[in-house]
Amino acid sequence: TAAPHVDYFAGLNPAQRQAVETLDGPVLMLAGAGTGKTKALTCRIAHLMATGRARPDEILAVTFTNKAAREMKNRISGLTQGASEGMRWLGTFHAICVKLLRRHSELVGLKSSFTILDTDDQMRLLKQLLRASDIDEKRWPPRMLAGIIDGWKNKAWTPAQVPVAESSAFDDKGVDLYAAYQQRLKDLNACDFGDLLLHMVTIFQTHADVLATYQRWFKYILVDEYQDTNVAQYLWLRLLAQGHKNICCVGDDDQSIYGWRGAEVGNILRFEKDFPGAHVVRLEQNYRSTGHILGAAAGVIDANKDRLGKTLFTDGEDGEKVRLIGHWDGEEEARWIGEDIESMQRGTRGLDAMPLNSMAILVRASHQMRSFEDRFLTIGLPYRVIGGPRFYERMEIRDAMAYFRLAVSQDDDLAFERIVNTPKRGLGDKAVQTIQMTARSNGVNLIEGARLCVNGGLIKGRGGNALRDLVQGLDRWHGQLHCRSNGATRRELLDDEDSVIDDGPTVEVFDGASNVNHVELAEVILDECGYTAHWKNEKTPEAPGRLENLKELVKALENFDSLQGFLEHISLIMDNAKDEEDDKVTIMTLHGAKGLEFPSVYLPGWEDGLFPSQRSMDESGLKGLEEERRLAYVGITRAEKHCTISFTSSRLVYGQWQSQMPSRFIDELPEENVEVLTPPGLHGGGFGAAGMSAQANPASEGMASTLHEKMAKADVYNSPGWRRLQSRSQQRPMTQPKESRNAVIDLKATSSFTTGERVFHHKFGYGEVMEIEGDKLLIEFDKAGEKKVVAKFIVSADS
Ligand code: ATP
Ligand code: MG
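Cut-off values and rules
Residues numbered from 1 in each chain as written. Chains lettered and ligands numbered in written order. Predicted model: local features only at pLDDT ≥ 70, side-chain atom pairs only at ≥ 80, totals over all residues. UniProt positions renumbered as here; feature names shortened; annotations may be inferred. Helix = DSSP H or I, 4+ residues; strand = E, 2+ residues; numbered from the N terminus. Buried ≥ 20, exposed ≤ 12 C-beta atoms within 10 Å, placed from the backbone. Contact = placed C-beta atoms within 7 Å. Pairing = 2+ DSSP bridges. Axes fitted to C-alpha atoms, helices over the stretch in contact; angles between N-to-C directions. Expected span 1.5 Å × (residues − 1). Near = placed C-beta within 6 Å. Parallel < 35°, antiparallel > 145°, perpendicular 65-115°, else oblique. Left-handed = near helix turned anticlockwise from the far one by under 90°. Nonpolar A, V, L, I, M, F, W, Y, C, P; charged D, E, K, R; others polar.

- For the protein chain, the name recorded in an unreviewed UniProt entry is DNA 3'-5' helicase, with Octadecabacter antarcticus 307 as its organism.
- Regarding the protein chain, the UniProt comment filed under Function (unreviewed entry) reads as follows: "Has both ATPase and helicase activities. Unwinds DNA duplexes with 3' to 5' polarity with respect to the bound strand and initiates unwinding most effectively when a single-stranded region is present. Involved in the post-incision events of nucleotide excision repair and methyl-directed mismatch repair."

This is the structure in structure tokens:
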């Protein structure tokens with residue numbers, strides 16, 4: 001070909017090179033983990049630019065995470081001397097769709113300033129709808145409805161498109177509730193996550209001119225992790241690619257792990273049918289992992305029946321065997337991993353010192369993260385949690401953001417409901433109902449409704465005065481944010497360069513820029529609404545922390561051009577890109593780790609019921625279990641040189657001690673690729689007497705039983721975890737029967753505390769709730785030991 005001799009070809013094998021050079025028509029790269037799919041995709045983009053096939057902004061490239069998008073951008077930049085700067089359409093499906101939707105929102109009845117709901121808002125909205133249609137929330141929880149609606153959206157079904165066969169959902173009311181929910185969203189000028197794609201698919205299907213514009217605009221389409229696209233994403237891609245059919249998808253059926261969220265691995269298998277004459281490229285050489293790691297991964301995935309089957313080989317060394325270790329409980333597991341990380345950092349076992357950046361802990365369930373965070377905080381080991389939108393989930397951050405949202409859009413009724421009496425303004429449920437009724441009967445938003453209530457004397461006294469102040473404040477902040485020095489609106493799109501597209505419909509939108517500094521305005525808002533003062537006056541132990549968080553929030557705003565830009569970042573991204581440069585251990589879920597690689601990977605919690613999850617084990621058929629196994633495969637194949645798998649024999653799950661059995665996936669690890677470790681400092685004794693015998697577990701034959709023999713040498717009874725557990729189990733059996741697990745769930749409703757929760761007492765310090773008896777709590781304090789105290793003197797130490 002006429003390709004110039006740029007050095008990105010040098011690092012590719014012939015099959016990859018073929019994938020890069022076949023520019024015209026559909027291309028499918030179907031290959032196992034670590035074979036260089038993403039690398040080839042990245043080079044292909046560089047090649048498209050280098051050969052002048054497309055300008056950076058004419059390339060649509062979809063990645064699975066924001067982190068992956070950033071990495072790809074950096075790599076392309078390296079390959080093309082900065083030409084990736086103009087790649088405005090490289091991102092996740094959601095990030096790309098929100099940009100498109102801002103331009104065309106009026107076609108689905110939204111203003112371009114629409115907000116994106118978080119799950120909190122979504123739940124509040126669904127609850128209101130359930131109440132309005134007299135549905136018992138206990139039998140039909142809002143979360144379940146959210147799941148059903150989300151599933152329909154993933155299939156690209158609008159309420160009118162939900163098939164009759166599915167309409168029995170939610171007591172036959174599902175479809176009506178879905179329709180009502182969509183209507184409410186429209187009234188609020190809002191959409192949820194699933195809408196970003198659904199609306200774009202709807203627009204493309206109903207506005208041929210809009211679709212044609214983008215079909216022409218995006219000359220080349222590239223998709224990474226194609227095996228995890230859902231139907232809506234698939235339709236969206238197919239519509240866009242229909243014209244020129246220059247679409248290149250890469251994926252691995254063995255890594256399809258989002259079936260539970262509507263992903264269809266069938267999309268990848270259907271590619272050749274959808275795009276006849278597609279060029280299929282297969283890659284077999286793995287460049288990421290050592291031989292033992294690959295062997296372990298292959299052993300696990302081999303147990304799946306439903307797979308295409310691919311071979312992988314490496315030219316590299318066998319390297320270190322996968323290490324396997326059992327611990328008494330999650331705390332000990334976290335302690336051991338913390339120590340192992342520290343010794344890897346110093347250099348150990350004749351290995352070179354490794355930076356913390358090169359190590360990752362990949363968990364199955366996010367509740368596993370806490371024991372690592374607790375431990376690492378204690379020993380001062382720097383870590384980052386990826387994918388946990390923790391900071392932005394905190395109460396004070398959400399409250400503050402609700403004020404910001406109202407400054408951006410006065411139609412955001414959900415934000416108004418959140419803050420109308422926060423801080424306390426003497427506006428009780430009755431006042432709020434009056435506002436809602438007034439707003440509804442006048443067909444206006446809640447701010448307008450509140451204004452009518454105040455002016456019409458419907459809400460009087462202290463509450464009335466406070467409401468008048470609030471409405472005036474909201475008007476003022478909104479005005480300050482939206483006023484411009486020249487008073488004119490620019491005919492322009494949200495991000496400045498977007499005006500390059502001149503043949504598509506454009507709309508007049510507020511682009512978020514104004515002549516007040518949005519950081520200063522944010523501070524003013526928090527001061528004037530009384531929220532800062534509220535936490536200053538609060539004498540609880542967590543108040544200073546909350547004030548700190550609010551400061552941090554305002555500081556984070558400095559990285560953005562506008563309040564709206566910031567809010568969008570929060571609703572879509574929620575991770576901190578800056579943080580990536582620091583030398584820290586990464587903690588994240590297995591699902592979030594797809595596509596990434598680390599020299600050293602820890603895979604804790606390989607226990608039946610946790611991994612594979614209980615749900616997948618309870619399910620009839622193998623579908624769920626096979627997906628869990630693919631997840632295990634994804635986990636192991638993230639590792640380059642070191643991979644450490646661990647399990648515990650007892651775990652505190654939602655405040656309950658449960659005895660655990662090693663994961664059935666451990667049995668599937670080929671023995672020749674695995675080294676079983678014994679926790680240091682343990683000797684003699686055995687596991688059997690601890691309530692778990694190897695024979696009792698049907699999955700523990702083979703590998704796990706030899707493991708048990710080796711583990712039997714470990715004297716768990718002398719470990720601090722066992723002693724602690726013994727003192728506890730005198731009050732409570734170690735494993736709770738199902739009924740009492742339900743009892744705990746009921747308790748949550750009546751008491752604000754739950755067993756196992758971390759709490760703080762001003763005199764006794766931090767501790768853990770052991771038992772709840774009415775308003776009295778039995779707490780094991782870290783320093784003061786066990787004490788019974790009255791609930792009102794206790795605050796939660798969580799968050
Ligand atoms: P996954 O399925 O996990 O997403 P992948 O197929 O996308 O994996 P990459 O992440 O692209 O694989 O590549 C894995 C590793 O192998 C990377 O570190 C990459 O730089 C390296 N690599 C890929 N191709 C080659 C090659 N031809 N020569 C040397 N190293 C390569
Ligand atoms: Mg990849």
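**What to know about the UniProt feature "binding site: ATP" (unreviewed entry) in the protein chain**
And step 1. Here, the residues flagged by UniProt with the feature "binding site: ATP" (unreviewed entry) are A31, G32, A33, G34, T35, G36, K37 and T38.
And step 2. Within the element layout of this structure, G34 appears in the loop between β1 (27-30) and α2 (37-50).
And step 3. With 25 C-beta atoms counted inside 10 Å, the residue G34 sits in the buried group.
And step 4. If near-sequence neighbours (up to four positions away) are discounted, G34 is found in contact with N286, Y287, R288, S289 and T637.

**Quick word on the sheet that holds strand β18 (residues 765-773)**
And step 1. One open sheet accounts for five strands, arranged β20-β19-β18-β17-β21; its pairing is antiparallel. Edge positions in the sheet fall to β20 (785-790) and β21 (794-796), since each of these pairs with one other strand and no more. Across the sheet, the mean angle from the axis of one strand to that of its neighbour is 45°, orientation sign disregarded.
And step 2. Two strands pair when backbone bridges link them, and β18 and strand β19 (residues 776-781) are joined in this way by six bridges, in the antiparallel orientation. In the strand pairing of β19, V769 is matched with I779.

**Remarks on helix α13 (residues 330-346)**
Helical geometry: 3.6 residues make up each α-helical turn, so side chains three or four residues apart lie on a common side.
And step 1. Here α13 spans 24 Å end to end across 17 residues, near enough to the 24 Å set by a 1.5 Å rise per residue.
And step 2. For α13, every residue scored as buried is listed here: G330, E332, E333, A334, R335, W336, I337, D340, I341 and M344.
And step 3. Looking one or two places after α13, you find G347, whose phi comes out positive at around 100°.

**Some thoughts on the environment of T119**
And step 1. Position of T119 relative to the elements: it lies in helix α5 (residues 119-132).
And step 2. Overall, T119 belongs to the partly exposed group, with 13 C-beta atoms counted inside 10 Å.
And step 3. Considered as a pair, T119 and F193 are 74 residues apart in the sequence and their alpha carbons are 9.3 Å apart.

**Concerning the site of ligand 1**
And step 1. Near ligand 1, the surroundings consist of 18 residues, among which G36, K37, T38, K39 and Y287 are the closest.
And step 2. For the shell around ligand 1, the leading source of residues is α2, giving three residues.

**What about the packing of helix α6 (residues 142-154) against helix α8 (residues 193-206)?**
Angle between the axes and distance between the axes are the two parameters that describe a pair of packed helices.
And step 1. Packing of α6 against α8 leaves a shortest axis separation of 9 Å and a crossing angle of 30°. Taken together, the axes of α6 and α8 are roughly parallel relative to one another. For the pair α6 and α8, the crossing hand works out as left-handed. Together, D150, K153 and N154 of α6 and G194, D195 and L198 of α8 make up the contact between the two elements.
And step 2. Across the contact of α6 with α8, the residue classes break down as one nonpolar, two polar and three charged.

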